Amino acid sequence: MAAPSASAISKLHPQPSADESTLAKLGYRQEFRREFTPLEVAGLAFSVVQVVPSIASVLFYTIPNGGPVAMWVFAYPFVLCTGLALAELASAAPTSGGLYYWTYSLASPRCRNFLSWIVGYSNTIEMITGVASINWACAIQITAAISIAPSDQTYTTTNQQLYGIYAALGLPQAVIVSLGTKVLARLQRLFTLVNAALCFIIILALPIATPLDYRNSANFALGESTNLAGWPSGFAFILSLMAPFYTIGGYDTSVHMTEEVSNAAMAIPWAIVGSITVSAVLGCGVNISLAFCMGTDVGSLLNSPIGQPMAQILFNLLGQQKALALWCLIIIAEYMMASNLLLVGSRQTFAFARDGAIPFSRYLYRINRYTGTSVNTVWFEIICSLAIGLLLFVSTEAIDAVFTIAITASYIAYITPITNRFVFQNDFKPGPFYLGKLSFPVSVIAVAWMAFLILVFFFPATPQTTAQEMNYTVVVLGGFMFLAISWYYFPVYGGVHWYTGPISNYTPAIRGENRDEDSISEGKEHDADIYVSAVDV
């Protein structure tokens, strides 16, 4: 029998792409289809921010602390430093596990397992509570739309009705996010278009439609500072920064799509930096436009019968029908935002389950044979978010704490790998995106600022507070972290007895052979230090 030709062998065993080779060096085989283009993954990062819906969600908290003064210009350098520090790590080790993988690779062998565990669970909490907080905000905005609607009456919901709306938002999202990678990638074009269109409507069209009675002077819009919460002026200024830091959050969202995008080592870093920059510019424009058009009676916006300051601003300026139409577009955009966060959260959970770190990993680490996506982790995420929504029946303050948990948990997950890079002895090998001598000062600024903001997010809305009005972020976040640490140190069954960091599932010898797409490859533990090599200190 004649030997097969080289072309025949190539067809049977195609050469891996550069992205697949890089992933293999990190210890993982290619399991998702790389259908996202660099522009689409950048659009996903931008769409997760969703500038206008995010600003609408936090305007209730920022008006009492600073009024119409936009703090975006001040906040941008700190946000950018965080993004740059993470972008370098994403370029050096492009894997969907991201933060917990980098943490393990850069830490000392003495503590790498524990730190990787904590970061992985912080990242998981960030994603689940992020979906929960956005869907909660979307549910609140739907009730505001009902208040704007032709009934022209204040609409009051019961907790049961509000949770029903919340659940009705989440379940269809899980169906959408369970679709194939190619469909999800193309949807980003629509999501990006809606996000950009909303920004330009607020920045350009809203000032044109604003009646003279509501137009503010430059002195008021850019120089006036309102302090209605009762905090000292300096601390009120700091609290006003919650708006840009909440809005331009989720810097790691594109990281978790690494294994579904081409040229990941460059596409992901630029998606992080690009989405931060574009969102900051547009967010600043939106805030300035609102400041010039909102009128001077900020107290009436806070006490609006509609229940949402942004909705009241639109109602005052556009009238009932146009305000309702624009508000519905904002709700749709927020729904898209939650869907994208559910998407990236499912990929992070898939990566963590691939390394066997979470309960039910053997069921969560599955690729659906029909869609080629991690359907099980999508539904795991949405079920967890529905469970978190039950905090509504505890108190409004408890469910509101979910907003800041998503931020504080993410900061814990960001700080650790960035710090590990410089604190522990390791042989960090940068990827194509590298800051050179600027890496250290940029990382110091990012870590110091995030550590400071974690403390700020623990403060209540006003200094005169009661047990019912307290900010329960530290309690809820502490509860989550207590469970994660307890699970790690649990006698006999805890992670300390079996979690050894990232696990290789890449076996070159069986490349090209048929396999059951719903099965788990029982790979052996490997040293994740492909780009970085940890040394005991």
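Residues numbered from 1 in each chain as written. Predicted model: local features only at pLDDT ≥ 70, side-chain atom pairs only at ≥ 80, totals over all residues. Heavy atoms only, no water.

The chain is annotated in an unreviewed UniProt entry as Amino acid/polyamine transporter I from Suillus fuscotomentosus. Quoted verbatim from the Subcellular location (unreviewed entry) field of UniProt, the annotation for the chain is "Membrane". (UniProt positions renumbered as here; feature names shortened; annotations may be inferred.)

J.: Is there a simple way to explain the pattern of salt bridges in this structure?
T.: Should the charged atoms of two oppositely charged side chains come close, the side chains can pair. Going through the model one piece at a time under the given rule, you end up with eight salt bridges. Arg186 is the salt-bridge partner of Glu40, the closest N and O atoms lying 3.0 Å from each other. Here the residue Glu40 occupies a position in helix 3 (residues 38-49), and Arg186 occupies one in helix 9 (residues 181-209), the gap between them amounting to 146 residues. Since its relative accessible area comes to 4%, Glu40 is described here as buried. A salt bridge links Glu259 to Arg354; the shortest N-O distance between them is 2.9 Å. Taken together, the positions of Glu259 in the loop between helix 12 (242-247) and helix 13 (264-293) and Arg354 in helix 16 (residues 320-354) put the pair 95 residues apart, joining distant regions of the chain. By relative accessible area, which is 6% here, Arg354 ends up buried. Taken together, the shared-partner salt bridges in this structure form one network comprising Arg29, Glu31, Glu259 and Arg354. (Salt bridge = Lys/Arg side-chain N within 4 Å of Asp/Glu carboxyl O. Helix = DSSP H or I, 4+ residues; strand = E, 2+ residues; numbered from the N terminus. Buried < 20%, exposed > 50% of the residue type's maximum accessible area, 1.4 Å probe, protein only.)

J.: Sorry, what's going on with the packing of helix 3 against helix 16 here?
T.: For any two helices packed against each other, the geometry is given by the interaxial angle and the distance between the axes. With their axes 8 Å apart at the nearest point, helix 3 and helix 16 run at an angle of 125 degrees to one another. Judged by the angle between their axes, helix 3 and helix 16 are oblique. The two elements helix 3 and helix 16 cross, and the hand of that crossing is left-handed. Residues Leu44, Ser47, Val48 and Val49 of helix 3 pack against Met337, Asn340, Leu341, Leu343 and Val344 of helix 16. Here the contact of helix 3 with helix 16 is built from residues that sort into seven nonpolar, two polar and no charged. (Axes fitted to C-alpha atoms, helices over the stretch in contact; angles between N-to-C directions. Parallel < 35°, antiparallel > 145°, perpendicular 65-115°, else oblique. Left-handed = near helix turned anticlockwise from the far one by under 90°. Contact = heavy atoms within 4.5 Å. Nonpolar A, V, L, I, M, F, W, Y, C, P; charged D, E, K, R; others polar.)

J.: Help me understand the environment of Val41 in this model?
T.: With respect to the helices and strands, Val41 occurs in helix 3. Sequence separation between Val41 and Ala267 is 226 residues, and the spatial gap between their C-alpha atoms is 7.6 Å. Apart from residues lying up to four places away in sequence, Val41 is in contact with Phe36, Ser254, Met257, Val261, Ala267, Ile268 and Ala271.

J.: Even after reading the chapter, I still don't get the packing of helix 19 (residues 396-423) against helix 20 (residues 439-456), so can you show me in this structure?
T.: At a minimum axis separation of 10 Å, helix 19 and helix 20 run at an interaxial angle of 150 degrees. What the angle tells us is that helix 19 and helix 20 run roughly antiparallel. Like other packed secondary-structure pairs, helix 19 and helix 20 cross with a definite hand, here left-handed. Seen from helix 19, the contacting residues are Thr408, Tyr411, Ile412, Tyr414, Ile415, Ile418, Thr419, Arg421 and Phe422; seen from helix 20, they are Ser439, Phe440, Ser443, Val447, Met450, Ala451, Leu453 and Ile454. Split by residue class, the contact of helix 19 with helix 20 holds twelve nonpolar, four polar and one charged.

J.: Explain helix 8 (residues 159-177) to me, please; I cannot follow it from the model alone.
T.: For an α-helix the count is 3.6 residues per turn, leaving residues at separations of three or four pointing the same way. Its 19 residues place the ends of helix 8 27 Å apart at the C-alpha level, agreeing with the 27 Å of an ideal helix rising 1.5 Å per residue. Along helix 8, the positions that sit buried rather than exposed are Leu162, Tyr163, Ile165, Tyr166, Ala167, Leu169, Gly170, Gln173, Ala174 and Val177. At its buried positions, helix 8 is contacted by helix 7 (112-148), helix 9, helix 16 and helix 18 (375-389). (Expected span 1.5 Å × (residues − 1).)

J.: What is the right way to look at the nonpolar core in this model?
T.: Inside soluble globular proteins, nonpolar side chains tend to come together where they are buried. If you look at the biggest cluster of nonpolar residues, it comprises 161 residues, and the most contacted ones within it are Trp102, Ile202, Phe245, Tyr251, Met310, Trp327 and Tyr411. At 19 residues, the largest contribution of residues to this core is made by helix 16. The residues touching Tyr411, leaving out its near neighbours within four places in the chain, are Phe245, Tyr251, Met450, Leu453, Ile454 and Phe457. (Core = buried A, V, L, I, M, F, W, Y, C linked by side-chain atoms within 4.5 Å.)

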